[in-house]
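# Close look at the chain arrangement
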Amino acid sequence: SKTLTHLNKEDSMKFLFAVLAVTLLSPAVFAIPAIGDYAKYSLNMTVNGNQLTGTLETTLTAYDAATDSFTEHIIVTDNNQTPNAQDQTVQKSSLVDDATLNNLPAACAQAGGNIESATVPAGTFSTCNLALTNGSTGNVWIGNVPFGVVQTNSTANGTTTILTLIAYTAGK
């Protein structure tokens, strides 16, 4: 088993960006855009045969009306509690709103998914189970939670990532 602290800086950054690409930049990801939206996930990755475990936390910390975008603060922490943090700008238009999430059954059917119950440490949710089609194989379970992701299991470029929602808070 290998932790982030055993990876060089370049591999650690690749790890962080791989997680972000799978969880936050996927076109299948829904969100409830509000300052204070927070989600924490358990994170399990296998990269080139090395097992990486920890947590991923993401929070919308600010909104800029001039650019219609949010600042998203992301923290990835490995088993040894070594945090890697960064901020990124996320366009509001890339986040799906409450109306879409409240219409999840119709949106799910239109996207080719299946409505099913998903139980994770954060609770039991009615979700849309969608097959990933963005260069990854696997599934994402979308529900009415901040950032929309209840759980995901994906493989891309030899990296397997499993994220499971363990805590969340809706912003205001």
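This report concerns the structure included in the present document. All values reported here derive from a predicted model rather than from experimental measurement.

Our focus in this paragraph is the overall build of the protein chain. A tally of helices and strands in the protein chain yields three helices and nine strands. Per-residue burial for the protein chain yields a buried fraction of 44% across its 172 residues. For the protein chain, contacts bridging at least 24 residues in sequence account for 50% of all contacts bridging at least 6.

Strand pairs in the sheet, formed through backbone hydrogen bonds, run parallel or antiparallel to each other. Ordered by their spatial adjacency, nine strands build an open sheet running S4-S3-S2-S1-S9-S8-S7-S6-S5, and the pairing between neighbours is antiparallel. Both edges of this open sheet fall to strand S4 (83-91) and strand S5 (114-120), since each of them pairs with a single strand only. Taking each pair of neighbouring strands and ignoring which way they run, the sheet shows an average axis angle of 25 degrees. Sheet topology places strand S6 (residues 123-131) next to strand S7 (residues 137-142); four bridges connect them, and they run antiparallel.

Here the structure, examined in full by the defined rule, presents one disulfide. A disulfide bridge connects Cys108 with Cys128, and the sulfur atoms are separated by 2.1 Å. Because the torsion about its S-S bond is 80 degrees, the bridge between Cys108 and Cys128 counts as right-handed. With Cys108 in helix H3 (residues 104-110) and Cys128 in strand S6, this pair connects stretches of sequence that are 20 residues apart. Across the pair, exposure class does not vary: Cys108 and Cys128 are buried alike.

On the secondary structure map, Leu52 appears in strand S2 (residues 50-64). We classify Leu52 as buried; its relative accessible area is 3%. As a C-alpha pair, Leu52 and Asp78 span 26 residues in sequence and 7.2 Å in three-dimensional space.

Overall, the coordinates contain two aromatic pairs when judged by the stated rule. Note on Tyr63 and Phe70: the rings are 4.9 Å apart at their centroids and 50 degrees apart in plane angle, and the pair reads as tilted. Both rings, one in Phe125 and one in Tyr168, keep their centres 5.7 Å apart while their planes meet at 65 degrees; by these two values the pair is edge-to-face. Placement of Phe125 in strand S6 and of Tyr168 in strand S9 (residues 159-169) is noted, with a sequence separation of 43 residues between them. What makes Phe125 buried here is its relative accessible area of 11%.

A few words on the nonpolar core. Tyr41, Ile142, Val150 and Leu165 are the most contacted members of the largest nonpolar core, which totals 30 residues. Top contributing element to this core by residue count: strand S1 (residues 38-47), with four residues. Leave out the neighbours within four places in its chain, and Val150 touches Tyr41, Ala118, Val120, Phe125, Thr127, Trp141, Ile142, Gly143, Val145, Leu163, Thr164 and Leu165.

Both trends apply: most residues other than glycine have a negative phi, and most peptide bonds are in trans. Phi is positive for Asp68, close to 50 degrees, though the residue is something other than glycine. With respect to the secondary-structure elements, Asp68 resides in the loop between S2 and strand S3 (69-78). Asp68 sits in the partly exposed class, given a relative accessible area of 33%. The residue Phe147 is not glycine, and still its phi comes out positive at about 70 degrees.

A few words on the pairing of S6. Along any regular strand the residues' side chains alternate between the sheet's two faces. Pairing of S5 with S6, which is carried by seven bridges, proceeds in the antiparallel orientation. Counterpart to Ser117 in the pairing with S6 is Ser126. The loop that links S5 with its antiparallel partner S6 comprises two residues. Counting the residues between successive antiparallel strands, the hairpin from S6 to S7 contains five residues, one of them, Gly135, with a positive phi of roughly 95 degrees.

What counts and what doesn't
- Residues numbered from 1 in each chain as written.
- Predicted model: local features only at pLDDT ≥ 70, side-chain atom pairs only at ≥ 80, totals over all residues.
- Heavy atoms only, no water.
- Helix = DSSP H or I, 4+ residues; strand = E, 2+ residues; numbered from the N terminus.
- Buried < 20%, exposed > 50% of the residue type's maximum accessible area, 1.4 Å probe, protein only.
- Contact = heavy atoms within 4.5 Å.
- Pairing = 2+ DSSP bridges.
- Axes fitted to C-alpha atoms, helices over the stretch in contact; angles between N-to-C directions.
- Disulfide = S-S within 2.5 Å.
- Phe/Tyr/Trp six-rings, centres within 6.5 Å; stacked < 30°, edge-to-face > 60°.
- Core = buried A, V, L, I, M, F, W, Y, C linked by side-chain atoms within 4.5 Å.

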